[in-house]
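In case you want the letters, here they are:
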Number of protein chains: 2
Amino acid sequence: MQFDIIKKTEFDKVLNSNLSQKQKSELFAAMCRYNCFVSVKKAGSGHLGSSFSAMDIVVYLYLNELNILELGTESPDRDIYFSSKGHDVPGLYAVFYALGFIDEKQLMSLRRIDGPDGHPDLKTKGIESNTGSLGMGISKGKGFAWAKKYSGSEGRVFVLTGDGEFQEGQIYESMQSTSHQKITNITVIVDRNKFQTDRLVDSINNIEDLSAKGLAFGWNVQRINGNNFDEIQNAIRSSKLITDKPKLIIADTVKGAGISFLESGNKDEHGELLYKWHSGAPDDEHFETGVNELKSRINKTSQSLGLGDIKFSFYEEFNKQSPLSYREYITDAFGDELCNLADERSDLVVMDADLSADCKLRKFEFKYPERFIENGIAEQDMVSMAGGLARCGLIPVVSSFASFLTSRANEQIYNNACEHTKIIYATHFAGMIPAGPGKSHQSVRDISLLGAIPNMTVIQPCNSLEMRLAVRYAVNDATENVALRMVIGPSPRKIELPENYSFKFGEGTVLTSGNDALVFAYGPVILHEILSAQEILSQNGFSLKVVNMPWLNKIESNWLIEVCSGINDIFVLEDHSNFGGLGDRILYELVRNGIKFDRFEKIGLDDYPACGVPHEVLKYHRLDSHSLCERITSKTIDKTESNHIYSVEAPQ
Amino acid sequence: MQFDIIKKTEFDKVLNSNLSQKQKSELFAAMCRYNCFVSVKKAGSGHLGSSFSAMDIVVYLYLNELNILELGTESPDRDIYFSSKGHDVPGLYAVFYALGFIDEKQLMSLRRIDGPDGHPDLKTKGIESNTGSLGMGISKGKGFAWAKKYSGSEGRVFVLTGDGEFQEGQIYESMQSTSHQKITNITVIVDRNKFQTDRLVDSINNIEDLSAKGLAFGWNVQRINGNNFDEIQNAIRSSKLITDKPKLIIADTVKGAGISFLESGNKDEHGELLYKWHSGAPDDEHFETGVNELKSRINKTSQSLGLGDIKFSFYEEFNKQSPLSYREYITDAFGDELCNLADERSDLVVMDADLSADCKLRKFEFKYPERFIENGIAEQDMVSMAGGLARCGLIPVVSSFASFLTSRANEQIYNNACEHTKIIYATHFAGMIPAGPGKSHQSVRDISLLGAIPNMTVIQPCNSLEMRLAVRYAVNDATENVALRMVIGPSPRKIELPENYSFKFGEGTVLTSGNDALVFAYGPVILHEILSAQEILSQNGFSLKVVNMPWLNKIESNWLIEVCSGINDIFVLEDHSNFGGLGDRILYELVRNGIKFDRFEKIGLDDYPACGVPHEVLKYHRLDSHSLCERITSKTIDKTESNHIYSVEAPQ
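The present account deals with the structure reproduced in this document. These numbers were taken from a predicted model, which means no experiment stands behind them.

Topic: the overall build of chain A
Okay, so step 1: Scanning chain A from N- to C-terminus turns up 24 helices and 20 strands.
Okay, so step 2: Rg of the C-alpha trace for chain A: 26 Å, near the compact-globule value of 26 Å for 652 residues, within the 12% margin.
Okay, so step 3: Seen through its principal axes, chain A has C-alpha atoms that stretch 80 × 60 × 55 Å.
Okay, so step 4: Here chain A holds 652 residues, and the buried ones make up 69% of them.
Okay, so step 5: Of the contacts formed within chain A by residues at least 6 apart in sequence, a portion of 78% connects residues at least 24 apart.
Okay, so step 6: Accessible surface for chain A amounts to roughly 20200 Å². Of this, 46% is attributable to carbon and sulfur atoms.
Okay, so step 7: The centroid of the 68 positive side-chain charges in chain A is displaced by 3 Å from the centroid of its 87 negative side-chain charges.

Here is the structure:
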């Protein structure tokens with residue numbers, strides 16, 4: 001198979017034609033959908049459903065409303081457009097390519113280290129705001145609008161939001177304050193495509209009646225078909241006439257609009273609608289079907305408009321996907337063990353913030369519907385609700401991505417903890433891998449964010465067995481709150497633990513013996529790297545002691561003393577910032593216990609996590625096995641490529 | 001003067017009388033207001049306005065609705081009542097005393113280490129939920145209600161909220177999910193007393209039309225006069241009949257209802273209404289006036305109802321307040337220097353979350369109204385708005401209390417920071433003192449919460465001069481984000497810096513020379529303690545080197561090497577958790593730079609900060625000067641009391 005793309009010259013042909021604005025927009029949007037579709041397939045992941053539902057609105061704005069093509073992307077008088085949900089950015093990149101903001105190589109390097117990020121980042125020309133965690137967009141837009149007025153700059157502000165996003169409280173904070181502060185130079189368009197991650201918004205946490213909410217918060221409200229250019233045009237034009245209120249346009253759209261199979265949900269085994277194209281790339285078969293449908297639609301339109309065929313140019317060959325061999329997902333064990341525990345005790349309750357499938361909670365959801373609380377994208381509410389549950393003697397397991405849960409709901413976690421109840425926080429997508437979604441999703445601050453809560457134990461299991469033991473410990477044995485830190489993707493290798501392994505509080509496990517240096521690490525991603533490094537080093541006569549340390553903030557002194565005995569060089573490898581992770585804890589325990597060493601180093605992140613495929617991101621941060629060899633030995637190591645077996649990226 | 005209280009026997013007299021429920025409630029509420037007023041005066045701080053506006057509702061619930069008197073405070077079938085705003089708890093304690101939950105000594109030990117906290121904590125009998133940071137209550141109540149249904153327990157759930165609280169997004173998150181999840185066994189009563197910290201809610205960030213909002217979120221809505229027992233009764237009774245929706249009762253009340261001078265606002269110099277009794281105790285004159293008015297009102301009512309006089313019993317003498325001698329408030333310098341900088345540059349913008357007076361922003365607010373953005377209690381919205389402002393080239397100074405700003409808006413701060421703009425976060429009320437408000441307000445996690453953001457400098461100035469230099473550095477020189485960490489109360493001593501002091505990046509200042517041990521510390525509270533310790537130790541022949549280190553996460557290696565030269569024992573004293581503060585940074589720098597030492601210790605908090613007056617809280621945590629002497633020398637020191645000169649507590 002091959003990737004064909006539509007080159008910029010073809011878009012120019014459309015723009016320079018004599019077609020009406022509406023005709024140009026329609027054709028342009030279809031062509032952008034095509035390039036977006038190809039770029040996501042090439043990236044291996046990306047959010048097609050949302051990119052496609054919003055495409056007509058985005059194209060309408062860039063071709064007909066925004067003054068950016070005229071003034072450029074740096075003028076203080078430019079119109080501002082950005083998407084608050086952010087994950088529709090593959091669609092935006094396709095538009096940016098068509099408009100000449102980014103080149104062909106960038107378009108086709110989506111989610112790669114030298115390409116545009118999986119969520120918007122200012123490094124890409126045309127991006128106005130970094131987004132990716134939901135709910136911040138109206139507030140940021142309000143800032144742009146206020147600054148324009150204060151500075152006397154021209155230009156309007158348009159913010160696109162998702163519909164699931166209206167479950168985040170910040171949306172209402174910003175709706176209220178925007179109206180109160182009389183910031184009227186802002187138009188918010190809700191891409192009301194009906195589905196959030198994979199279920200209907202109405203079913204997860206209904207946001208309707210959105211019009212009534214908009215009106216109650218003092219906004220001018222219109223509701224339109226957001227895949228109809230006439231209606232988009234009318235709405236934007238009438239919103240211009242409103243000068244005394246901020247403006248809300250609720251645009252009913254079809255998720256995946258533009259390719260038939262992307263446009264519909266499938267019923268799950270319980271008859272509820274599931275949408276399977278929220279994130280992730282299509283398989284080869286669907287890709288071919290989608291490409292053919294888009295090509296045919298584009299040319300049909302183009303021909304009917306008298307423009308002839310649109311040219312699809314060869315970009316590169318690609319190999320058909322081979323099915324993945326078996327991999328261990330630690331989170332499978334998490335979801336499964338929760339079910340086992342629920343069989344044993346009725347006080348276990350699971351809470352989800354619209355990530356049930358990603359966090360492997362579906363089994364629990366179906367098996368124990370009466371104990372599964374779907375809370376939607378409202379992490380603060382979810383966490384505080386867990387506080388109430390725990391006060392009534394239940395054991396809530398609160399699940400979401402680590403970056404959202406530990407940060408957005410940080411104060412709520414603290415508030416619960418100070419009641420001295422027990423709550424288990426299941427923090428998924430911890431660490432820097434998968435790195436495609438970008439820094440809004442990669443969680444490298446979460447250990448630090450929980451560390452100063454006095455009664456909070458943070459554990460990261462290295463494999464499925466340890467995962468099961470950790471969940472059991474958290475539910476049955478722990479006397480304080482527990483955060484379970486989990487890698488979301490497949491483990492690059494199955495970490496082997498000793499036979500009859502027992503999970504002892506504050507104690508790790510020696511995985512390889514050695515005395516030239518000692519490395520503490522945790523979780524399968526960096527354990528894989530350091531074990532690969534150990535293998536390379538052992539061939540070079542350097543014996544490295546690798547210790548799996550799942551207890552990230554609890555360390556038994558006697559165990560530490562024993563494990564460090566006879567070692568001079570000690571390293572802590574972090575799948576986290578160098579600040580506030582395991583390293584700070586280990587170092588203080590070493591010093592407190594009078595353990596002598598010559599060298600101590602934390603090897604983690606000092607910068608934002610890069611976006612890319614795993615091996616390039618690990619290499620970028622010098623956390624891949626070869627770099628680790630060099631950092632540990634302070635020598636250059638032969639650069640035979642290590643065998644990185646990553647490929648599946650986690651969605652949101 | 002003296003404190004007289006109304007003893008429980010007098011409340012029993014009312015309860016056991018033949019009066020109607022309404023008559024009992026009215027008299028009981030007036031009597032509770034009296035005891036509340038006295039307890040707050042004795043504590044020296046507390047929230048009278050809110051305690052009084054809510055009193056009629058609270059008394060109505062406990063006397064007429066809740067089954068707690070019957071079932072006790074531990075029964076799973078009990079009705080649940082708690083206040084989400086939490087700062088009205090002095091009123092609740094007065095009710096608890098009247099009902100026999102707490103004794104006279106506890107009532108009169110408000111905000112003391114052995115008494116009830118300034119915000120609700122489960123340690124006090126009858127308290128159902130720890131609250132104090134706003135917006136969490138409905139979510140927590142929803143948890144109680146869900147658990148009751150799941151467990152098959154009886155009992156209803158009542159949550160009281162403030163009106164300013166409806167600026168927090170979590171309120172709307174929880175309104176939406178409660179309705180969606182069909183949790184109907186919950187009644188939320190909004191104490192709509194019109195004023196938030198010291199201004200009208202309508203003027204800070206208008207929340208109306210609240211009824212329309214409630215309806216739009218799918219709740220049953222009633223609006224009543226919340227200081228009228230007939231209306232309260234009718235509303236609660238009709239809400240019982242609603243079984244298909246959660247129930248919202250908007251109770252219009254008068255802030256401070258019950259004492260004339262507490263009931264009204266005063267116009268400020270710009271003609272805007274200010275309310276001066278949100279927090280803080282009345283001065284002696286107002287106390288006397290208030291006591292007389294309440295006594296007379298209580299007895300008039302009691303007599304008219306045929307119960308004769310209510311007895312006011314002597315509790316203890318107290319000395320009239322003497323005016324405070326001059327004290328340095330570091331935050332005065334902060335507010336003043338901001339104005340100076342604003343004179344110099346037009347790109348400086350200040351944002352506030354309803355704490356302008358406490359954070360010393362009034363001067364700026366009046367001088368530069370066009371550059372002062374009042375955002376209400378909506379920290380996330382404020383921070384993200386700052387992101388938009390910064391993207392337009394402005395320099396926003398975002399101000400609130402450290403515990404709220406760095407925690408509630410943590411993800412928003414991260415999101416802004418990853419855009420590589422510059423924003424200054426003014427984090428007030430940092431550290432454990434004043435300790436009266438309790439652990440929701442004492443900020444001992446904030447350094448750790450910002451530490452893993454790569455481009456964030458955290459600075460805590462020790463005196464007014466350093467404060468001014470730090471603000472100037474942040475605004476004029478810093479190339480990355482800056483968090484200014486500030487003690488909110490008066491400095492216990494003015495920390496003296498060298499003449500011609502210059503503020504150098506990453507370098508602290510040696511305040512006292514010595515070579516028996518070295519202590520790094522920051523901020524006036526703990527510097528006062530360690531300097532006092534140094535004075536005691538020097539009399540015992542122990543020479544302590546005390547270093548003021550305002551750069552909490554940036555340390556210049558060469559300076560550190562020099563300052564540690566010849567020292568064996570190194571301590572870092574933290575006004576913060578032992579985790580994630582200055583100590584972790586210093587230790588790693590010591591090790592990284594090969595600086596040798598025999599002993600290293602972090603001296604900070606390993607537990608939640610205690611509530612009490614400063615000296616007892618410092619002593620409790622062994623952070624007072626005498627304890628510090630012992631911890632540093634590992635010897636017992638003569639216990640002559642050090643001269644702690646704290647008294648003013650910060651409100652919220």
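What follows picks up the thread again.
A closer look at the sheet that holds strand β4 (residues 186-192) of chain A
Residues and elements named next belong to chain A.
Okay, so step 1: Taken together, five strands build an open sheet; the order of strands is β2-β3-β4-β6-β5 and the sheet is parallel. What marks the edges here is a single partner per strand, and that holds for β2 (80-83) and β5 (220-225). With strand direction ignored, the average angle separating the axes of adjacent strands in the sheet is 20°.
Okay, so step 2: Pairing geometry for β2 and strand β3 (residues 157-162), over four bridges, is parallel. Bridge pairing in β3 places F82 opposite V159.
Okay, so step 3: Running at roughly 170° to β5, helix α11 (residues 229-241) makes contact with β3, β4, β5 and β6 (247-252) of the sheet.

What about the packing of aromatic side chains?
Okay, so step 1: Tallied over the entire structure, the rule returns 62 aromatic pairs over all chains.
Okay, so step 2: On the numbers, 5.1 Å between centres and 35° between planes, the contact of F195(A) with Y275(A) is tilted. Residue F195(A) is located in the loop between β4 and α9 (201-205), and its partner Y275(A) is located in the loop between β8 (273-274) and α12 (284-304); the two are separated by 80 residues in the primary sequence. Comparing F195(A) with Y275(A) shows no difference in burial state: the two are buried.
Okay, so step 3: With 6.1 Å between their ring centres and 85° between their planes, Y588(A) and F600(B) make a pair best called edge-to-face. Of this pair, Y588(A) sits in helix α22 (residues 582-592) while F600(B) sits in strand β20 (residues 599-605), on two different chains.

A word on helix α7 (residues 137-151) of chain A
Residue and element names in this part refer to chain A.
Okay, so step 1: For α7, built from 15 residues, the straight-helix expectation of 21 Å at 1.5 Å per residue is met to within 8% by its first-to-last C-alpha distance of 21 Å.
Okay, so step 2: Of all 15 residues making up α7, 12 are buried, and the element is well covered by its neighbours.
Okay, so step 3: For α7, the complete set of buried residues consists of G137, I138, S139, K140, G141, K142, G143, F144, A145, W146, A147 and K148.
Okay, so step 4: G152, located one to two residues past α7, shows a positive phi value of around 70°.

Regarding the relation of the copies chain B and chain A
Here the two chain copies are tied together by a rotation about an axis and a shift along that axis.
Okay, so step 1: Under the fitted operation, chain B is carried onto chain A by 0.0 Å of movement along the axis and a turn of 180°, and the coordinates agree to an RMSD of 0.0 Å. What the rotation and shift describe, once combined, is the action of a two-fold rotation axis. Distance from the rotation axis, computed per C-alpha, reaches its smallest value in chain B at G169(B): 1.9 Å.
Okay, so step 2: A share of 100% of the interface residues of chain B reappears at the interface of chain A, consistent with the copies meeting face to face through the same patch.

Some remarks on the environment of G100(A)
Residue and element names in this part refer to chain A.
Okay, so step 1: Following the sequence through the fold, G100 ends up in the loop between α5 (89-99) and α6 (104-107).
Okay, so step 2: Residue G100 is classed as partly exposed on the basis of its relative accessible area of 36%.
Okay, so step 3: For the pair formed by G100 and K8, sequence separation is 92 residues and the distance between their alpha carbons is 7.2 Å.

What to know about empty space enclosed by the protein
Okay, so step 1: This structure, assessed with the given rule, holds 14 cavities of 30 Å³ or more.
Okay, so step 2: Roughly 210 Å³ of volume is contained in the largest cavity.
Okay, so step 3: Surrounding the largest cavity, 25 residues form its lining, K439(A), S440(A), Q442(A), E411(B) and Y414(B) being those nearest its centre.
Okay, so step 4: Those elements that provide at least two residues to the lining of the largest cavity are α16 (402-408) and α18 (446-450) of chain A together with α17 (410-417) of chain B.
Okay, so step 5: The residue makeup of the lining of the largest cavity, split by class, is seven nonpolar, 12 polar and six charged.

Thresholds, definitions, all that
- As a convention, each chain's residues are numbered from 1 in the sequence order in which they are written.
- Here the convention is simple: chains get letters from A, ligands get numbers from 1, in the order in which they are written.
- Residue-level local features of this predicted model are given only where pLDDT is at least 70; pairs of side-chain atoms are given and counted only at 80 or more, and the full residue set underlies all totals for whole chains, interfaces and linings.
- With hydrogens and water excluded, all non-hydrogen atoms of the structure serve as input to the side-chain values.
- Helix and strand labels come from DSSP, where a helix needs a run of H or I of at least four residues and a strand needs a run of E of at least two; each type is numbered from the N terminus.
- Radius of gyration means the value over C-alpha atoms here, while the globule rule gives 2.2 Å times the residue count to the 0.38 power.
- For every residue, the accessible area obtained with a 1.4 Å probe (protein chains only) is divided by the maximum for its type, and the residue is called buried under 20%, exposed over 50%, and partly exposed between those limits.
- Should any heavy atoms of two residues lie within 4.5 Å, those residues are counted as being in contact.
- Areas reported as accessible are Shrake-Rupley estimates using a 1.4 Å probe. Residue values count occlusion only from the protein chains shown.
- In this charge count, Lys and Arg are treated as positive and Asp and Glu as negative; neither His nor the chain ends contribute.
- One atom stands in for each charge, and that atom is NZ of Lys, CZ of Arg, CG of Asp or CD of Glu.
- In short, DSSP must find at least two bridges between two strands for them to pair.
- Throughout, an axis means a line fitted to C-alpha atoms (over the contacting stretch in the case of helices), and angles, computed between N-to-C directions, take values from 0 to 180 degrees.
- Pairing of aromatic rings covers Phe, Tyr and Trp, the last counted by its six-membered ring, and requires centre-to-centre distances within 6.5 Å; plane angles under 30 degrees mean stacked, over 60 mean edge-to-face, and any other angle means tilted.
- Multiplying one less than the number of residues by 1.5 Å gives the expected span of a helix.
- A residue counts toward the fit only if its pLDDT is at least 70 in both copies, and the copies are then superposed by least squares on the C-alpha atoms of those residues.
- In the cavity and pocket records, a cavity denotes points on a 1 Å grid over the protein atoms alone where a 1.4 Å probe fits but cannot get out, a pocket denotes an open set with protein on both sides within 12 Å along at least 5 of 7 lines, and lining residues are residues with an atom within 4 Å of a point.
- Grid points are joined across faces, edges and corners, and a volume is the space filled by probe spheres set on the points.
- The nonpolar class holds Ala, Val, Leu, Ile, Met, Phe, Trp, Tyr, Cys and Pro. Asp, Glu, Lys and Arg form the charged class, and all remaining residues, Gly among them, are polar.

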